Structures are given as C-alpha cells and as structure tokens.
Amino acid sequence: MKLGRNEPCPCGSGEKYKRCCMDAFSQQQAALLDDAQQILAMNPDLTLDELNVVMQRHMEQRNNAPLDEFFGLSPNQIGDWMHGNFDNWQGFRIEVPTALDRSPVLRYLTLMFEEALQHDGVIKTTAKGNLSAKLVKQASDLLPEFAVSAFERHISISEFAGINEDKFNALHYTRVLAEVCGLIYVRKGALHVKKTALQQYQRQGIAAFFKPMLAAMLSSYNWAYLDGFEQDVDLRPFWIFMLWRLHIHQQPERLTDEMITAFPPLLDLIQPVFYATPPQILHLLIESRFIERFLQFWGFVTLDPRRPSLPAAHEPGTDDVGVVESAARSLATSGEISGTAVPAAARSRLTLQPLFTQSFRFSV
C-alpha cells in the first residue's frame, strides 16, 4: 500500500512522511527498481519468489554498505543510532565516568540531594516555588571549578551563576531535568526528592543518576525549552551522529554542513524568516540546543563564544522570542554566518573536555 504524504514517516521520527524521508525513500525505490530490471535482464527465467529472495539480499547489502553522505556509515548504522534502544547501539556506548565533579548538572543535582537529606526529603523553595537563595549561592560558588569559568558571561543573566533560579539557566535546567527523570516532584507546593532516589544516592553516589538523567534528556526533555526560537526542529534523533562528528573534528560550523549533507530534509522543517537562511538557523539551533545547553551544561565540552552570544533563557512563562531572534538577526546580517560558511575569525572554538572522552566511546 502506498504511503500517504501526510502519514507518519516510517522512520519513527514523528514527522509527516513528506517532511522527513519521502525524497530519500523515492530515490531508494527508484534505485531498487533499476537493480531489479537489471537482474531480470540477466536472469530472465527467475520466478517471482526467486526475484524476491534476490532483491531482499540486495537490499540488505545496500543497507549495510557505507555511504559518502553518511561519512562512511551505513543506513543501518545511522538507523540504529537514531532509533535504537538507549545504551544498546552499534559502534557506540556510554560509560559512567569515575569522577563527575567537573559536570555542572551532576554537581547541582548533588546539592539538591544533600539539601533533601538535611530536611527529610524536602528541598527548600521560595514563595514562587524556585530553589532557595542559599542553594542558588552554593551552585554559583561552584563556577570556578568548571571549565566554562574561563569565558565571560552575561552579567545579569548567566548560564552557570545567578542570584535566583530564574536567571541561572544551568541550575534551572538541572531541576527541570530531574523532574522529567522522576527524581524530584512537587507536592502541596513543596519540592521533594523521591525516597528511592535518596536511598540510591546514599548507597551509590551521584554516578547512579548519570545514565538516567541522560536518558531523560534524550527522550523526554524539550531541547527548545531554553532558547526561545520558534523553530520546531527536533535534533534529539541525531545526537549520536553529532557527537561522533564533533569527536572527530571539534568544529561546530563543519558539523552544520555535515548535518545538511546527511539529513537534507532538516532544512525543510525550518520556518522561513527574512533575516537568515535555513542553514544559518540550523547552525544556531545546533549550537544553542545541542552544544551550549546540552554538552556544555553537562561539562562534556566548552564553547568559546567568539560570535555574539545568544541571550540567556527567558524566565519560564515569559515571551523572549523577540530578543532571541534579534540575536539571530545580528549573526546573519553581520556576515559572521553566510549560508553555511563562517569566516575563521568568527568561528566558535569548541574544546572537548575529559568528561566527553570518558563518557562516549566510538568504535566505527
């Protein structure tokens, strides 16, 4: 039965077929049809059943063959990375580092657990429901211990320090992610840590939550939450591919080009804006959602922002889209990002931290 343009794509992305893999499937079907005709021309006496067996084998060979557009990976490997079960991928595995003291997310989570241990499982909050000023200060005081302390940050709204949770992005992110992960919850206006989580923390330490928090980040957390872009582009299925490419060359601008080469339908998902091209917007989304507010929040990388930095997150519940889009206009119109080519002087410098190589292992 023919797949309709508006039906869910069979690749599992959640997008409509026309906005995802329709072109790729059409090309594959055309290539397979050509192959079938050649096989029949060379073997005119094949029965339909015999032809089906031959074509199935031929398709398996195609799906396992390395492709230039996937930089040497096969369609099956890419499919496994995008849709395989967590922690059960081909050619890639996650290991829990022995030391997590350089990870902002895990350090902030430790502060929350320690607070709960002192107050019968309760994390003290303000009248607005935010984390207490005491805990916020403790988290801010950790900044010199993180690699990102080498870079200047916005003085009023910061990623890794602040006077309250609303304007302390990495801390707020950690709190939200812990809720998504089911480790903490709100009941009767108070913030509680799950009893089983506290018991596990006392037995195994913060390392016990490294993989569960990662899994929540990759499956349930909304990557667009903190940036304010009105772009419905889900980068989560591509996270292993992006890790792999950064592991090889540590160049965010080159990563954008590679994403366009490997997954061209991504550009079709970007809503047109007058001040930037789709490749420019995709580049900003990759830096904001994947590099800055995933890899850097966790301590896997640092990104030296040589370009005008994107503004820090808006206070939850407020509309900050205009401010974020203003920054994007600045990047696009200044000539710092032109198409997908970025002048060397304007490029961000990404550095892999030890936590990256200790956590992510590739064998491809």
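A separate point is the nonpolar core. Across soluble globular proteins, you tend to see nonpolar side chains buried next to one another. Judged by nonpolar contacts, the single largest core of 92 residues is most densely connected at W239, F290, F294 and W298. Take this core: its biggest share by element is 11 residues, from helix α12 (residues 278–298). Ignoring any residue separated from it by four or fewer positions in sequence, one finds W239 in contact with W89, F92, I94, L218, W223, F290, F294 and F360.

This brings us to the sheet that holds strand β2 (residues 122–123). As a general point, the strands of a sheet are linked pairwise by backbone hydrogen bonds and lie either parallel or antiparallel. Spatial strand order, β2-β4-β3: 3 strands in an open sheet with antiparallel pairing. In this open sheet, the two edge strands, each paired with only one partner strand, are β2 and β3 (184–187). Both β2 and strand β4 (residues 190–193) contribute to a ladder of 2 bridges, which runs antiparallel. Considered in β4, the bridge of I123 is made with L191.

All right, on to the pattern of salt bridges then. For the structure shown, the criterion picks out 14 salt bridges. With a closest N to O distance of 2.7 Å, R175 and E179 form a salt bridge. Placement of the pair is R175 and E179 together in helix α6 (residues 169–180), with a separation of 4 residues, close to one helical turn. Connected via shared salt-bridge partners are R93, E95 and R361.

Summarising the element assignment, A133 is placed in helix α5 (residues 133–140). Among the residues examined, A133 registers a relative accessible area of 54% and is labelled exposed. Placed 29 residues apart in sequence, A133 and G162 show a C-alpha to C-alpha distance of 9.7 Å.

Glancing now at the side chain of Q231. Tracing the chain through its elements places Q231 in the loop between α8 (210–219) and α9 (239–249). Judged by relative accessible area, Q231 falls into the buried class, the value being 7%. A distance of 2.8 Å separates a polar side-chain atom of Q231 from the backbone nitrogen of Q271. Not counting residues within four places of it along the chain, the set of residues in contact with Q231 comprises L269, I270, Q271, V273, I281, L285 and R289.

Under the criterion given, the structure shown has 34 aromatic pairs. An angle of 80° between the planes, with centres 5.3 Å apart, marks the rings of F86 and W89 as edge-to-face. Judged by its relative accessible area of 11%, W89 is buried. Here F92 and F362 contribute two aromatic rings whose centre-to-centre distance is 4.7 Å and whose plane-to-plane angle is 35°, an arrangement assigned as tilted. Linking F92 in strand β1 (residues 92–94) with F362 in strand β7 (residues 360–362), this pair joins segments that are 270 residues apart in sequence. The burial state of F92 is the same as that of F362; both residues are buried. Between the NZ or CZ atom of R245 and the centre of the ring of F71, over which it lies, the distance is 4.6 Å. Against the face of W244 rests R245, its NZ or CZ located 4.6 Å from the ring centre.

Conventions used here
Numbering of residues starts from 1 in each chain and follows the order in which that chain's sequence is written. Since the coordinates come from a predicted model, pLDDT governs what is reported: local features require at least 70, and pairs of side-chain atoms require 80 or more to be given and counted, while whole-chain, interface and lining totals use all residues. As a rule here, side-chain values cover all heavy atoms of the structure and leave hydrogens and water aside. Residues enter a nonpolar core if they are buried and are Ala, Val, Leu, Ile, Met, Phe, Trp, Tyr or Cys, with the set joined through side-chain atoms within 4.5 Å. Here the term buried applies to any residue with accessible area under 20% of the maximum for its type, exposed to any over 50%, and partly exposed to those in between, with areas from a 1.4 Å probe on protein chains only. What counts as a helix is a DSSP run of H or I of at least four residues, what counts as a strand is a run of E of at least two, and both are numbered from the N terminus. Whether two residues touch is decided by their heavy atoms; if any such pair falls within 4.5 Å, the residues are in contact. Note: two strands are recorded as paired if DSSP finds a minimum of 2 bridges between them. A pairing counts as a salt bridge when a side-chain nitrogen of Lys or Arg comes within 4 Å of a carboxyl oxygen of Asp or Glu. Any N or O atom pair separated by 3.5 Å or less is treated as a polar contact, with the protein-specific requirement of one donor-capable and one acceptor-capable atom, and with residues adjacent in sequence counted only for side-chain atom pairs. Any Phe, Tyr or Trp ring, taking Trp's six-membered ring, that has another such ring centre within 6.5 Å forms a pair; planes under 30 degrees apart are called stacked, those over 60 apart edge-to-face, and the others tilted. Each ring is checked for a lysine NZ or an arginine CZ that lies within 6 Å of its centre and within 35 degrees of its normal; such an atom marks a charge sitting over the ring.

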